[in-house]
Number of protein chains: 2
Amino acid sequence: MARNKRDIDRKDKQDEIIVIARALFLAQGYEATSMAQVARDAGVAPNTLYWYFTDKDDLLIAVLNGLVLASLSEYTQLGSASIKEQLVWLIAQLEQSKRLVFTVHARVEQSQTVQLWHSQFHQMLDHLIVEKLIANGLLKEQAIVIATAGTFIVEGLLTHPHSAQQRDSVIDWLIAQTFSTV
Amino acid sequence: MARNKRDIDRKDKQDEIIVIARALFLAQGYEATSMAQVARDAGVAPNTLYWYFTDKDDLLIAVLNGLVLASLSEYTQLGSASIKEQLVWLIAQLEQSKRLVFTVHARVEQSQTVQLWHSQFHQMLDHLIVEKLIANGLLKEQAIVIATAGTFIVEGLLTHPHSAQQRDSVIDWLIAQTFSTV
DNA sequence: ACCTGAACACCGTTCAAGT
DNA sequence: ACCTGAACACCGTTCAAGT
């Protein structure tokens, strides 16, 4: 709570590294970015990174948290858009971090930390979507199943090649199923 | 076509390596398995693997092709099961190769070879499902969109933690949507 | 054609030492 | 507390040499 100067400095330096790592991870991918390169861009020795982050996965999670936070604050400003508009917005948002969606799924296999983050992220997203659907008149049980199916469909679109037309028809179908029972 | 002894020997040795690699990849994961370990289990020097496969991704694809071929031949013996039974069978089948589903998505980012394999795999799967749905009375357009959505939902179930109940309700929902328009 | 020993360039991470 | 130079163990892959 009561943070002294030292804590703030540490946080600042951490954020500085996170910004640099985010740019590299998004541009080149997580695997293609070495800790050495992050360090070089940050102007420190490679092992200095381990003073601020326990390992590369820890740095990944810090980057992810930053991205999620930024998206959430943007989302609250979206206000009264329709469900479909919000869905399209979400996909566009995730599209920017496509690479990291892959990376998270890949690292879930290897790293317990990433695994925990991943399940918590989906829990949060699921909760958000279910609330939104209930507010739009769906029954709780319907909302839960559609939130799950919807999330998987969005992730599928992100991680698989497809035409714009294919995307539109799947989204339209999902929206239609969502409201067919109201 | 006309294969001589030498070609057969080469194929045999390749298959031998593939079987060993498959066991290791499924048990420990692709990333966690080093080429050195595959070589050790195969009783050859590490660099010998590069005589039979151009690189580690090439070996991965050989393993994947073996798995897909085995599944397809099992599938044709499934005969007259209902759509839902076939869906449940497919999920159980993929569940066994869960790790490699992650791996393929991760490697798609890095390797053009894997990217090509991945898109061809989905093309084949999609075609199979669409045909099956049309044979069950769906219109072509409906079949296409449901094949896409269904594939994504199945992949989502594979790659995300969920309860048995959650799985059942999503599958039931998908089946219900599939036949609601017939 | 097939296989190997030795090396290469690189990786994430650790350790002892400095300030 | 913060940072570094040097090293460690490992990785996928290559190369020159042997049969």
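Residues numbered from 1 in each chain as written. Chains lettered and ligands numbered in written order. Predicted model: local features only at pLDDT ≥ 70, side-chain atom pairs only at ≥ 80, totals over all residues. Heavy atoms only, no water.

## Section: the overall build of chain A
Spelled out, the test is: Only runs of H or I of at least four residues qualify as helices and only runs of E of at least two qualify as strands under DSSP, and these elements are numbered from the N terminus. The classification of residues rests on relative accessible area computed with a 1.4 Å probe and restricted to protein chains. Under 20% of the type maximum is buried, over 50% is exposed, and intermediate values are partly exposed. Whether two residues touch is decided by their heavy atoms; if any such pair falls within 4.5 Å, the residues are in contact. Computed with a 1.4 Å probe, the accessible areas rest on the Shrake-Rupley method; for each residue, only the protein chains presented here act as cover. Only four residue types enter the tally: Lys and Arg on the positive side, Asp and Glu on the negative side, with His and both chain ends excluded. For charged residues, the charge sits on one atom: NZ in Lys, CZ in Arg, CG in Asp, CD in Glu.
Helix and strand counts for chain A come out as nine helices and zero strands. Each helix and strand of chain A, ordered N terminal to C terminal, gives the series α-α-α-α-α-α-α-α-α. If you line up chain A on its principal axes, its C-alpha atoms span 60 × 40 × 30 Å. Each of the 182 residues in chain A was classed as buried or not, and the buried ones make up 43%. Considering only intrachain contacts with a sequence separation of at least 6, the fraction spanning at least 24 residues in chain A is 64%. Carbon and sulfur atoms make up 55% of the accessible area of chain A, which amounts to about 9,700 Å² in all. Counting 16 positive and 20 negative side-chain charges, chain A places the centres of these two groups 6 Å from one another.

## Concerning the protein's contact with DNA strand C
Threshold: Any residue with a non-hydrogen atom lying within 4 Å of a molecule or strand is treated as near it. Contacts described as polar in this section are N or O atom pairs within 3.5 Å, which, within protein, must combine one atom able to donate a hydrogen with one able to accept it, while residues neighboring in sequence count only if both atoms come from side chains. Under the grouping applied here, Gly and all other residues not named as nonpolar or charged are polar, the nonpolar ones being Ala, Val, Leu, Ile, Met, Phe, Trp, Tyr, Cys and Pro and the charged ones Asp, Glu, Lys and Arg.
In the neighbourhood of DNA strand C, 15 residues make up the surrounding shell, with Tyr50(A), Ala45(B), Asn47(B), Thr48(B) and Tyr52(B) lying closest. For DNA strand C, the fraction of atoms within 4 Å of the protein that belong to sugar or phosphate moieties is 61%. Taking Tyr50(A), its side chain carries an N or O atom lying 2.6 Å from a phosphate oxygen of DNA strand C. Take Lys56(A): an N or O atom from its side chain is 2.8 Å from a phosphate oxygen of DNA strand C. Along the lines of polarity and charge, the residues of the surface near DNA strand C split into six nonpolar, five polar and four charged.

## Remarks on helix 9 (residues 164–179) of chain B
Selection criterion: How far a helix is expected to stretch is found by multiplying one less than its residue total by 1.5 Å.
With 16 residues, helix 9 of chain B should cover 22 Å at 1.5 Å per step; its first-to-last C-alpha distance of 23 Å lies within 8% of that length. Those residues of helix 9 of chain B that sit buried are Val170(B), Ile171(B), Trp173(B), Leu174(B), Ile175(B), Gln177(B) and Thr178(B).

## Concerning the pattern of salt bridges
All names here are of chain A. Note the threshold: Salt bridges are counted wherever a side-chain nitrogen of Lys or Arg sits within 4 Å of a carboxyl oxygen of Asp or Glu.
Evaluation of the coordinates by the stated rule reveals 12 salt bridges over all chains. Between Asp172 and Lys84 there is a salt bridge, and its shortest N-O distance comes to 2.6 Å. One end of the pair, Asp172, is in helix 9 (residues 164–179); the other, Lys84, is in helix 5 (residues 83–96), with 88 residues separating them in the sequence. For Lys84, a relative accessible area of 36% gives the class partly exposed. Linked through salt bridges whose partners overlap, the residues forming this network are Glu95, Lys98 and Arg167.

## Observations concerning the relation of the copies chain A and chain B
Between the two chain copies there is a screw-like relation: a rotation about an axis and a shift along it. In plain terms, the rule: The copies were overlaid with a least-squares fit restricted to C-alpha atoms from residues scoring a pLDDT of at least 70 in each copy.
The two copies are related by a screw operation: chain A maps onto chain B through 180 degrees of rotation and 0.0 Å of translation along the axis, at an RMSD of 0.0 Å. Such a turn and shift between the copies fits a two-fold axis. Here 100% of the contact residues of chain A are again contact residues in chain B; the copies associate through an equivalent surface.

## Describing the protein's contact with DNA strand D
Lining the immediate surroundings of DNA strand D are 15 residues, of which Ala45(A), Asn47(A), Thr48(A), Tyr52(A) and Tyr50(B) lie closest. Atoms of DNA strand D within 4 Å of the protein: sugar and phosphate make up 59%, bases the balance. Between Trp51(A) and DNA strand D, the recorded distance is 3.2 Å, taken from a side-chain N or O atom to a phosphate oxygen. Within the side chain of Lys56(B), an N or O atom sits 2.9 Å from a phosphate oxygen of DNA strand D. Of all elements in the fold, only helix 1 (5–28) and helix 3 (49–52) of chain A reach the threshold of two or more residues within the surface near DNA strand D. Here the residues of the surface near DNA strand D sort into six nonpolar, five polar and four charged.

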